[in-house]
Amino acid sequence: MKTYYYPGCTLPDKARDFDTSARACCELLGLELEEMERWVCCGSAFKLDHKNIMQHLAPIRNLAEVHKEGGRLMTLCVFCYNSLKRANYAFLAEPDKHEVINDFIESDYDGKVPVVHLLEMLKDEVGFEALAEKVKRPLGGLRVAPFYGCLLLRPQEEIGFEDPENPTVMEKLFEALGAEVVSYPHRLECCGSYLSLKDRDHTTSMVTRVLESAVEAGANAIVTSCPMCNFNFEFFGGELVARDTIHTFYFTELLALALGADRKLCGLEQHETDVDRLIDEALAAPATAAAGSETAGSGTSGARASGDQAPDARNG
Amino acid sequence: MTLRLERGTFTTTFTQRLKELSGQDLFTCYQCGKCSAGCPSASVMETPPHAVVRLAWLGQEKALRGLNTYWLCAACLTCDLRCPKGIDVSRIMEALRVMFLRPREEPDMVAPDSLPKDMLSRIPQQALVAGLRKYTK
Ligand code: SF4
Ligand code: SF4
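Bear in mind the structure is a predicted one, so any value in this text is a computation, not a measurement. (Residues numbered from 1 in each chain as written. Chains lettered and ligands numbered in written order. Predicted model: local features only at pLDDT ≥ 70, side-chain atom pairs only at ≥ 80, totals over all residues. Heavy atoms only, no water.)

Caption draft 1: Geometry of empty space enclosed by the protein. Residue and element names in this part refer to chain A. Counted under the stated rule, the structure contains six cavities of 30 Å³ or more. Broken down by element, the lining of the largest cavity gets its largest block of residues, five residues, from helix α3 (residues 78-92). For the lining of the largest cavity, the per-class residue count stands at 18 nonpolar, five polar and two charged. (1 Å grid on protein atoms, 1.4 Å probe; cavity = no way out; pocket = protein on both sides within 12 Å on 5 of 7 lines; lining within 4 Å. Points joined across faces, edges and corners; volume = space filled by probe spheres on them. Helix = DSSP H or I, 4+ residues; strand = E, 2+ residues; numbered from the N terminus. Nonpolar A, V, L, I, M, F, W, Y, C, P; charged D, E, K, R; others polar.)

Caption draft 2: Looking closely at the sheet that holds strand β4 (residues 115-117) of chain A. Residue and element names in this part refer to chain A. Sheet architecture is open: four strands sit in the order β2-β1-β3-β4, paired in parallel fashion. Two strands close off the open sheet at either side, each with one partner strand: β2 (34-35) and β4. Summarising the sheet, strand β1 (residues 3-6) and strand β3 (residues 72-75) pair through four bridges and their orientation is parallel. Pairing of Tyr5 across the sheet is with Met74, part of β3. Against the sheet, α3 makes contact with β1, β3 and β4, and its axis sits at roughly 155° relative to β4, the strand it touches most. (Pairing = 2+ DSSP bridges. Contact = heavy atoms within 4.5 Å. Axes fitted to C-alpha atoms, helices over the stretch in contact; angles between N-to-C directions.)

Caption draft 3: How the structure looks around the site of ligand 1. As a structural note, the neighbourhood of ligand 1 is formed by 13 residues, with B:Cys29, B:Cys32, B:Gly33, B:Cys35 and B:Cys83 the closest of them. For the shell around ligand 1, the class distribution of residues is eight nonpolar, three polar and two charged. (Near = heavy atom within 4 Å.)

Caption draft 4: Here's a closer look at the domain arrangement of chain B. Residue and element names in this part refer to chain B. What the domain assignment lists for chain B is domain 1 (7-106) and domain 2 (107-137). For domain 1 and domain 2, the distance between their C-alpha centres works out to 24 Å. Each side of the interface is counted separately: domain 1 has nine residues, and domain 2 has seven residues. Note on domain 1 versus domain 2: buried area summed over both sides is about 770 Å², and carbon and sulfur give 57% of it. Interface area lost by domain 1 to domain 2 is led by Trp71, Leu101 and Arg104, which between them contribute 57%. Our count for the contact surface shared by domain 1 and domain 2 stands at one salt bridge. (Domains from an automatic or database assignment. Buried area = accessible area lost by both parts, 1.4 Å probe. Salt bridge = Lys/Arg side-chain N within 4 Å of Asp/Glu carboxyl O.)

Caption draft 5: Looking closely at the site of ligand 2. Residue and element names in this part refer to chain B. What surrounds ligand 2 is the set Cys39, Pro40, Pro49, Cys73, Ala74, Ala75, Cys76, Leu77, Thr78, Cys79, Ser90 and Met93. If you list the elements that add at least two residues to the shell around ligand 2, you get α5 (78-82) and α6 (89-101). Partitioning the shell around ligand 2 into residue classes produces 10 nonpolar, two polar and no charged.

Caption draft 6: Highlighting unusual backbone geometry. For the bond running from A:Arg154 to A:Pro155, omega is -5°, close enough to zero to count as cis. Mapping A:Pro155 onto the fold places it in the loop between β5 (143-146) and α7 (169-176). Its identity as a non-glycine residue notwithstanding, A:Asp244 has a phi of 60°, on the positive side. Among the secondary structure elements, A:Asp244 is positioned in the loop between α10 (238-242) and β8 (247-250). Owing to a relative accessible area of 14%, A:Asp244 belongs among the buried residues under this scheme. The residue B:Leu77 is not glycine, and still its phi comes out positive at about 70°. Position of B:Leu77 relative to the elements: it lies in the loop between α4 (61-64) and α5. (Buried < 20%, exposed > 50% of the residue type's maximum accessible area, 1.4 Å probe, protein only.)

The structure is reproduced here in structure tokens:
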């Protein structure tokens, strides 16, 4: 089944790093993608008023577009993912409205286009063992705190690719990439989301709680699959960001790096912190897990063991 | 807060509309407080989510109007995930936003040009779309 990539409004601009690096990852992993020729906004926040299917016409229109070509839709931003997948679910639940919707959007959509996230493809189609074998630059010096946030996994009955209270997909991914995975209590919390538009003090406290929790557990990188989380972490992260105590990445940036992509194709440009320095150190350190054998810069790895030269997270 | 309950309080047009918009049966709630326990904004809400559900099923439109609770809800869906009675509180919050937003006469709660410049130049498009959908008519 052909996979059509839905970039959404943010990835071509404010989250170019996410887009560039994801394309590089798919290329290196042999996952074939074709960007949708025509797409519209997914509506961003899924409208929660019950049963008003008219609220979901924008995401459904995108699915109908993929349906025409015959294929599935892959997306990266979790707002898009949540909105498209939930709209599809709502559409399927109301077969008596299909005709009127199809009349309106001029299509013959049946609700059957699968919506997948790249993390699902990595887990179910590539597999983490196979992925570990493809690692060219293990991420030895990175102490990664996976951050799931809200929309990648909830609600369970509509999204359902991982247990929303105890997911493991990102942990397994970063173990496969040779990074040290940090376990911390706030990985399923909310970053503040769109509240940052209205309540900046409250968003700051939500962000600080998450970042402090990750830093206390020893992380020097927090990894997300959402431009909203990345923005909130970097913009409201205060001293922790200003002093480079913790760096925010899209999971694809680090994946592309580990897979040996050209550094220019790994994103790594729209960051508030000095990610280049962190990455130079990370690549020079020995891998913590059994990932890839060709350790780049192995000659210096002894002197730059994980943690030795990284900024001291806990006192940052 | 003292509430005076009279016959008919429970099924006003307000409660009917709320039920219709949220799709939730308010009476199922047994006030365990789990929705509030996991809510990331509960600490700054004037009235926490479980108490809002209670006020809603008592038909207390006046007490609900003007609360900051639903404006501080980030639609994170934690309450939906954890309610032992299967109530999706995030949908109740959305319904309250919709019901109180439409008749509002004050200026919009969020306007892009009121955001700090450095924020506006970096904020992701998705945040503006989401925020404007939640906070403006
Ligand atoms: S978790 Fe559910 S049952 Fe418990 S107080 Fe909240 S809405 Fe009511
Ligand atoms: S959806 Fe809203 S009310 Fe429910 S836990 Fe999240 S912020 Fe609180």
